[in-house]
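The lines below spell out each chain.
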Amino acid sequence: MRIDIQFLPVPPDPLALSRKTAVVIDVLRATSVIVHAISRGALEVVPVETVEEAFEEVKDFPQGSTLLGGERGSKKIEGFDLGNSPREYTAEKVRGKRLILTTTNGTKAFHSVSSGREVIAGSFFNISAMTQFCLDRNQNVLIYPSGDGGRFSLEDTVCGGMLIDRMIKTEGDAIALTDAAYSAHILYQRFEANLIGAFYASIHGKDLVAKGFEADLVYCAQVDIIDIVPTFRDGVIRSR
Ligand code: MLT
């Protein structure tokens, strides 16, 4: 099994991707929100690219059944029910609801890799569950950090590096790494004893702290608190 990681969120070749598991990572905070919301009983998450699309999409569903969530500039969008802090997505708020989510980078990333044989949402919350998922599928893996406005994102790459680390530790020589995956693994090892250090060192992490969301950094740095693997298929993310 070969693992690759993209350092920049440029849509990959759909044909090559159709034989791989694609792992979308936006650990601060879109995929952490998705994993958290589904673990708290949200029926499904519909990731959309624009705020306008979100307002259009919600009209298709009975009132009260669907919540609008997400951010622009990291802040809750006017007229939306929820922002982009995983801590907001409690069972009380999301159980039994459909969630339409739009974020700056993360929700877009799912559409960029939609041709993947499997497309899953990854975060530190569900690292063991997604490791097992990738190993069970036994097909090549592309880790797709959603980046920061098209740029490299340290925190997503460190999370991808942790997935690589777990896969190597479980399967040893059966795992082949591209040069990018090898490098992401080294980057992870730099922050292994202090994952939150990667958040504080990153541009996006610093921006979230400046905007008053430091508690989200602490929350999103928790490892293995959730045992599900949300899967994106036909435009919708559900627990598999
Ligand atoms: C994104 O999708 O870009 C992020 O989740 C942004 C954020 O949470 O501030």
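Before going into details, it helps to say that this report is about the structure given with it. No experiment lies behind these values; they were computed from the predicted model shown.

**With respect to the packing of helix H6 (residues 127–137) against helix H7 (residues 154–171)**
Between H6 and H7, whose axes approach to 10 Å, the crossing angle comes to 55°. Compared by their axis directions, H6 and H7 come out oblique. Every pair of crossing elements has a handedness; the one defined by H6 and H7 is right-handed. Across from Ile 127, Ser 128, Met 130, Thr 131, Cys 134 and Leu 135 in H6, the residues of H7 making contact are Cys 159, Met 162, Leu 163, Arg 166, Met 167, Thr 170 and Glu 171. Split by residue class, the contact of H6 with H7 holds eight nonpolar, three polar and two charged.

**Section: the packing of H7 against helix H8 (residues 179–191)**
Where H7 contacts H8, the axes come no closer than 7 Å and their chain directions differ by 100°. By the angle class used here, H7 and H8 are roughly perpendicular. Across the interface between the two elements, Leu 154, Thr 157, Val 158, Gly 161, Met 162, Ile 164, Asp 165 and Ile 168 of H7 pack against Ala 181, Ala 184, His 185, Leu 187, Tyr 188 and Phe 191 of H8. By residue class, the composition of the contact of H7 with H8 is ten nonpolar, three polar and one charged.

**Topic: unusual backbone geometry**
Cis geometry marks the peptide bond from Leu 28 to Arg 29; its omega dihedral reads 10°. Along the chain, Arg 29 turns up in the loop between strand S2 (21–25) and helix H2 (30–39). Phi at Asn 138 is positive, roughly 55°, even though this residue is not glycine. Tracing the backbone through its elements, the reader meets Asn 138 in the loop between H6 and strand S8 (141–145). Not every positive phi belongs to a glycine, and Asp 224 is a case in point at roughly 60°.

Conventions used here
- Residues numbered from 1 in each chain as written.
- Predicted model: local features only at pLDDT ≥ 70, side-chain atom pairs only at ≥ 80, totals over all residues.
- Heavy atoms only, no water.
- Axes fitted to C-alpha atoms, helices over the stretch in contact; angles between N-to-C directions.
- Helix = DSSP H or I, 4+ residues; strand = E, 2+ residues; numbered from the N terminus.
- Parallel < 35°, antiparallel > 145°, perpendicular 65-115°, else oblique.
- Left-handed = near helix turned anticlockwise from the far one by under 90°.
- Contact = heavy atoms within 4.5 Å.
- Nonpolar A, V, L, I, M, F, W, Y, C, P; charged D, E, K, R; others polar.

Remember, this is a structural readout, not a statement about activity or role.
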